[in-house]
Amino acid sequence: MKHLSDQELMKLVQAGDFSPAAEIFDRYSTRIYNFAYRFLKSSEAAEDATQEVFVKMLKHAKQFHGDAKLSTWLFSIAANLCRDHLRKADNKAKESDETLVMLPSGDDSPERRLEIRENELRVQKALEQLTPEQREAILLSRYQGLSYAEIAQIAGCSEGAVKTRVFRAMETLKKALSGRAKGEAECLNAM
Amino acid sequence: MSECDVVRERMPQLLVEAVEPMLREVSHQHVESCEGCGREWESMRAAWLALADIPELPVPAAVRERFLAEAARLSGEEKVVAFPVRRHWRWIAQAAAVVVLVGGGWFGGQQSAHRRPATIEPPIVALSENVTIDAARVNPSFLGRPAVQNVRFTPVGTDRVELSFDVTSHVTVAGRPDDAAVISLLSHVVENNQAATLARSSAIDWIEDIYRQRGSASPELIKAVANVLATDAQEGVRLRAVDALTRLSGLAPEVQLALVDALKNDPNPGVRMKAIEALANLVKSGTGLDPAAIDTLRDKAVQDDENLYVRVKAAETLSQIDL
């Protein structure tokens, strides 16, 4: 299965053969999971969303057109699921899941581990200041490397709208992330 | 929108090098020469790099197990074989289905014939008009808390008042891109200098996105975009307009005048370069250029005080023309 392209794997699935399911999951689940986690701020919700994305991939395989990229289609499904999750009233005020931080390897010093954790929390808090549309756009652009055309397809808006969302997201993130850098500079000056 | 605004809005794309080479060069030239934009660029880069400070999380193994279990269950459902129907029973079942469908349709038609209303054409709606409405016909709940302005209060006699105001209501016009009303509305938004810059820019982006996929845009829309290129005070809007004209096919000959005018007179080098690109696209599509356009390209190619990239692009375009 590893030697088959995405299109070839999906042709098998469309014909009713679900044996490529594991290979497709292994290829894309990490990206989908990380997108869902950063968007929904909850590991539990991200796990459910990730599983649901690939189940829908199997159930609705015939909707996938061979000339499109499988990643774009999977992210479309993921983005729709994440938006639906946020729309549900009881999920709106959910606090971010701060306990799920990938622990650095044992070779790192305690200071380095602390720095990594602080950086992650800082970035996560900055991302929380974005609107859902801006967060979706920046997650797909910055972390998944998708083009604005692909993001527009996923978000169901124009490329111009994607450009505006990414720009506004970066304006917010710049302010949120520069606070610490300023503090560091002041500490250095004081020393 | 100033040139600084245009360049700053483009910065996220510059970070991932998703900008055409010439626009990228022009943008970086501006960043190097403008102190404010230089600072903005550095802080944007720093934020972009800082975003990478979060590690990629592994997918919990349980998620994979649950998914594969569900996939196996779904696969089992796919393999279920339909109960074989004996041939003669199938024939009888099909005949019975036809009787039910035909009989049911006739019966339902009889029942609804008396209730079937005459076909009524929906009224044509005017989007903008002065209206006087009797208070008894107005819904007092004011859903959405509309914004009201220019309010006037006029007593009429002893027991009537007239409250006049302009109200902002949110209207959605739904239709196909080639519907006359959609085209007229888009043209109006694009050319309406009273509308916010963002609304005009967004409308031009929509026009480019929608009509590029369809292959061409109506002459009315292309003329509206060309008019924006010629007259809009905001550089960012003019840049979007010339960008759209570069990508839309089916450009009418009179649009060449707008492109040539932009090439000669627009103060923004990015707009001038895009104008040359649009003219180059015309050449590639087999549409001839007017003598005025060719003369302008020649002048630009040798103009000492012109931006170097504009001069090079003009020379390249001239080399593609069979003179």
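Residues numbered from 1 in each chain as written. Chains lettered and ligands numbered in written order. Predicted model: local features only at pLDDT ≥ 70, side-chain atom pairs only at ≥ 80, totals over all residues. Heavy atoms only, no water.

Considering the packing of aromatic side chains
Okay, so step 1: Evaluation of the coordinates by the stated rule reveals six aromatic pairs over all chains.
Okay, so step 2: Ring centres of Phe35(A) and Phe75(A) lie 5.7 Å apart, and the angle between their planes is 90°; on these two criteria the pair is classed as edge-to-face. With Phe35(A) in helix 2 (residues 21–40) and Phe75(A) in helix 4 (residues 70–87), the pair connects residues that are 40 residues apart, well separated along the chain.
Okay, so step 3: An aromatic cluster is present here, built from Phe25(A), Phe54(A) and Phe67(B) joined pairwise through their rings. (Phe/Tyr/Trp six-rings, centres within 6.5 Å; stacked < 30°, edge-to-face > 60°. Helix = DSSP H or I, 4+ residues; strand = E, 2+ residues; numbered from the N terminus.)

Considerations on the nonpolar core
Okay, so step 1: Counting 77 residues, the largest nonpolar core has Phe54(A) and Ile138(A) as the members making the most contacts within it.
Okay, so step 2: Here the element with the most residues in this core is helix 2 of chain A; it accounts for eleven residues.
Okay, so step 3: Residues in contact with Phe54(A), not counting those within four places in the same chain, are Ile24(A), Phe25(A), Tyr28(A), Ser29(A), Ile32(A), Leu74(A) and Phe67(B).
Okay, so step 4: Residues Val26(B), Leu279(B), Leu282(B) and Val310(B) belong to the second largest nonpolar core, which totals 48 residues. (Core = buried A, V, L, I, M, F, W, Y, C linked by side-chain atoms within 4.5 Å. Buried < 20%, exposed > 50% of the residue type's maximum accessible area, 1.4 Å probe, protein only. Contact = heavy atoms within 4.5 Å.)

Brief notes about the confidence of the model for chain B
All names here are of chain B.
Okay, so step 1: Looking at chain B as a whole, its pLDDT mean stands at 76, while 73% of the residues score no less than 70.
Okay, so step 2: For the stretch residues 80–89, pLDDT sits under 50, and the model shows one contact to residues farther than four places along the chain or on other chains.
Okay, so step 3: In the predicted assembly, ipTM is 0.84 and pTM is 0.55. (pLDDT = per-residue confidence, 0-100.)

Considerations on the environment of Gly160(A)
Okay, so step 1: Note on placement: Gly160(A) falls in helix 8 (residues 159–190).
Okay, so step 2: Taking the relative accessible area as the measure of exposure, Gly160(A) reaches 10% and is therefore buried.
Okay, so step 3: Distance in space between the C-alpha atoms of Gly160(A) and Tyr148(A) is 8.5 Å, their sequence separation being twelve residues.
Okay, so step 4: When sequence neighbours within four positions are dropped, the list of residues in contact with Gly160(A) reads Asp205(B) and Asp209(B).

A look at the side chain of Glu136(A)
Residues and elements named next belong to chain A.
Okay, so step 1: In this structure, Glu-136 sits in helix 6 (residues 132–143).
Okay, so step 2: Looking at Glu-136, the relative accessible area reads 3%, which means it is buried.
Okay, so step 3: Discounting residues that sit within four places of it in the chain, Glu-136 has contacts with Phe-35, Phe-39, Ala-79, Arg-83 and Ala-155.

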